[in-house]
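Below, each chain spelled out in residue letters.
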Amino acid sequence: MSEKFQAVIIGGGPGGYVCAIRLAQLGFKTACIESRGSLGGTCLNVGCIPSKSLLNLSEEFHKVKNLSSKGIEVGEVKLNLSKMMKSKDKAVTILTKGVEFLLKKNKVTYIKGHGSFKSKNEINIKDADNKELTITSDNIVIATGSVPVPLPGINFDEKIILSSTGALKIEQVPKKMIVVGGGYIGLEMGSVWSRLGTEVHVVEFLDHITPGMDKEISEEFMKILKKQGIKFHMQHKVEKIKKKNDGAIVFTTDKDGNKKDFDSDVVLISVGRKANTDGLNIKAADIELDEKQRIKTDENFKTNQDNIYAIGDVITGPMLAHKAEDEGIAVAENIVGQSGHVNYDTIPGVIYTTPEVATIGKTEEQLKDENVDYKIGKFSFMANSRAKAIDDTEGFVKILADTKTDKVLGAHLIGPHAGELIAEIGIAMEFGASSEDIARTCHAHPTFSEAVKEAALSVDKRAIHS
Ligand code: FAD
Ligand code: NAD
């Protein structure tokens, strides 16, 4: 007889493992199936964590090399790339093992193998040795995440034609890298390799980077990255990529039809990710997909089948780890009969470059489209005393508030620690705060967070330090 669970989650990423822990906390007999051999999903294994580790290490390398201008003389600074990669791998191992410990602590059964539907309540699991097992469950949550999108006809070999996974484990600093796509991955990984000495060229289809982000932030961001040495080729379409023994040629056409070829050691394709439903055999459970081949769900994360749910990158919405986690908690609470909920108006997005870029809520462009009257408060880090004290003054804070009610509708930051500063605005928005609420909150001095307070003051044109 197959073992029976009250809930089974397919996929052990930030959506899946968090959902499994919450269900176990709520008293359900729960299992989590993961095929990659370690928990934590894309995020911990080949995404958020290794990329942030390399962003940090490459930034430290870059900073140390430039310390003498600040009166700190260091000897010759040399890069040991294999040691740097080991340091990154260590961070990944510690965290993925940590998740395994958390599942054990919460009495979640961790099943290693590839899960696929046999019926609406049965899942077949095949392990690495091709041994098969069938389990049954009252409730099933699909949390199988996403995979990189290749360009048509161009396969990833992860040596010359790289997805983000390959870009996280290059063995020798390439002389030249073409990054196709100026979004989250292209700009984070482009920054890493640029700081380590690679000549990085970003080829982008649109006339701006980071589509969907507030335009003013996106323009400032590109200006800063250009100053750092990254080269941008906007409104260029990649026609084909020809591999050579020691690299590749990327053939592009710009908006006026001019052709330009880029010779390169490696090419990073970062043009987005797609929902991962491969090998799930969703037909056996008769589960519907949406127009983008993602699992279709209602507002309670339920699919067209009453006992089957889906969360994270495999459904609609931003492909972010914290969005997947929050959905994991909400769906677990819904399954046990509580009222799980995710507020999609307050999901922050952060790009961990230097400086960091952080965004939450509506952009100016969205407010214009929606005919909402808004006020803008802006404050530059150039006028922030902490930023001045440590000579880290690039960027600004921008707060958008409703003209009539003063309610904060969105905030967009570029600057030091923007990814941490955005949390304050997230909480304010969750509580329906006005810009005046932020402006009247005492912020410690000297901190970067004073720039948030000053931007809030500036909504009503009463910033003190500008
Ligand atoms: P995933 O993390 O993709 O996990 C799904 C898991 O399911 C995988 O481990 C997969 O092996 C497993 N699986 C799939 N099919 C099956 C099956 N049939 N049986 C068993 N197991 C299966 N987001 C952020 O918020 N912040 C960041 O800084 C950030 N950085 C990123 C950097 C990179 C380079 C990349 C690629 C992504 C980054 N992301 C970041 C996005 C983030 O990784 C994803 O949004 C997040 O991992 C989605 O979580 P998930 O649980 O939905 O899916
Ligand atoms: P993305 O959607 O962020 O950016 C893709 C970029 O490629 C866009 O600028 C798009 O206009 C461009 N593009 C698309 N097709 C193109 C083509 N044929 N030629 C040239 N340019 C083209 O996608 P991504 O960078 O691959 O990242 C995928 C997702 O992973 C992100 O959307 C994000 O959700 C997640 N992620 C998050 C973080 C973070 O939170 N810090 C980091 C990395 C990845």
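Analysis parameters
- Residues numbered from 1 in each chain as written.
- Chains lettered and ligands numbered in written order.
- Predicted model: local features only at pLDDT ≥ 70, side-chain atom pairs only at ≥ 80, totals over all residues.
- Heavy atoms only, no water.
- Phe/Tyr/Trp six-rings, centres within 6.5 Å; stacked < 30°, edge-to-face > 60°.
- Lys NZ or Arg CZ within 6 Å of the ring centre and 35° of its normal.
- Helix = DSSP H or I, 4+ residues; strand = E, 2+ residues; numbered from the N terminus.
- Expected span 1.5 Å × (residues − 1).
- Buried < 20%, exposed > 50% of the residue type's maximum accessible area, 1.4 Å probe, protein only.
- Arc of directions from axis to C-beta.
- Contact = heavy atoms within 4.5 Å.
- Pairing = 2+ DSSP bridges.
- Axes fitted to C-alpha atoms, helices over the stretch in contact; angles between N-to-C directions.

What follows is about the packing of aromatic side chains. In total, this model carries one aromatic pair according to the counting rule given. Taking the ring centre of Phe-251 as reference, the NZ or CZ of Lys-240 above it sits at 4.9 Å. Sitting above the plane of the Phe-396 ring, Lys-378 keeps its charged end 4.9 Å from the centroid.

Our focus in this paragraph is helix α7 (residues 215–227). Helix length check: α7, at 13 residues, gives a terminal C-alpha distance of 19 Å against a target of 18 Å (1.5 Å per residue), a fit within 8%. Every buried residue of α7 is accounted for by Ile-217, Ser-218, Phe-221, Met-222, Ile-224 and Leu-225. End-on, the buried residues of α7 take up no more than an arc of 165 degrees, which puts them together on one face. In α7, those exposed residues whose orientation departs by more than 90 degrees from the buried face are Glu-219, Lys-223 and Lys-227. Tucked inside the fold, the buried residues of α7 contact α6 (184–195), β11 (231–233), β18 (349–351), β19 (356–361), β21 (396–402) and β22 (408–415). Remark: Gly-229 follows α7 within two positions and exhibits a positive phi of approximately 110 degrees.

An order of β12-β13-β14 is seen for the three strands of this open sheet, with the pairing classed as antiparallel. In this open sheet, the two edge strands, each paired with only one partner strand, are β12 (236–244) and β14 (259–264). The average angle at which neighbouring strand axes cross in this sheet is 20 degrees, direction not considered. Here eight bridges tie β12 to strand β13 (residues 247–254), and the two strands are oriented antiparallel to one another. From the neighbouring strand, Ile-241 faces β13, where its bridge partner is Val-250.

Another point: the sheet that holds β21. On the basis of which strands lie adjacent, the open sheet formed by five strands has the order β18-β19-β22-β21-β20 and antiparallel pairing. Each having just a single partner strand, β18 and β20 (374–380) make up the two edges of the open sheet. Direction aside, neighbouring strands of the sheet carry axes that sit 10 degrees apart on average. Relative to β21, β20 is paired through seven bridges, and the arrangement is antiparallel. Residue pairing for β21: Tyr-374 is matched across the bridge by Asp-402. Lying over the sheet, α7 contacts β18, β19, β20, β21 and β22, oriented at roughly 5 degrees with respect to β22.

In the segment running from Thr-354 into Pro-355, the intervening peptide bond is cis, with an omega of -5 degrees. Residues His-445 and Pro-446 are joined by a peptide bond in cis, for which omega reads -5 degrees. As for its placement among the helices and strands, Pro-446 is situated in the loop between α12 (435–439) and α13 (450–459). One non-glycine residue with positive phi stands out, namely Glu-158, at about 60 degrees. Mapped onto the elements of the fold, Glu-158 is located in the loop between β7 (146–148) and β8 (161–162).

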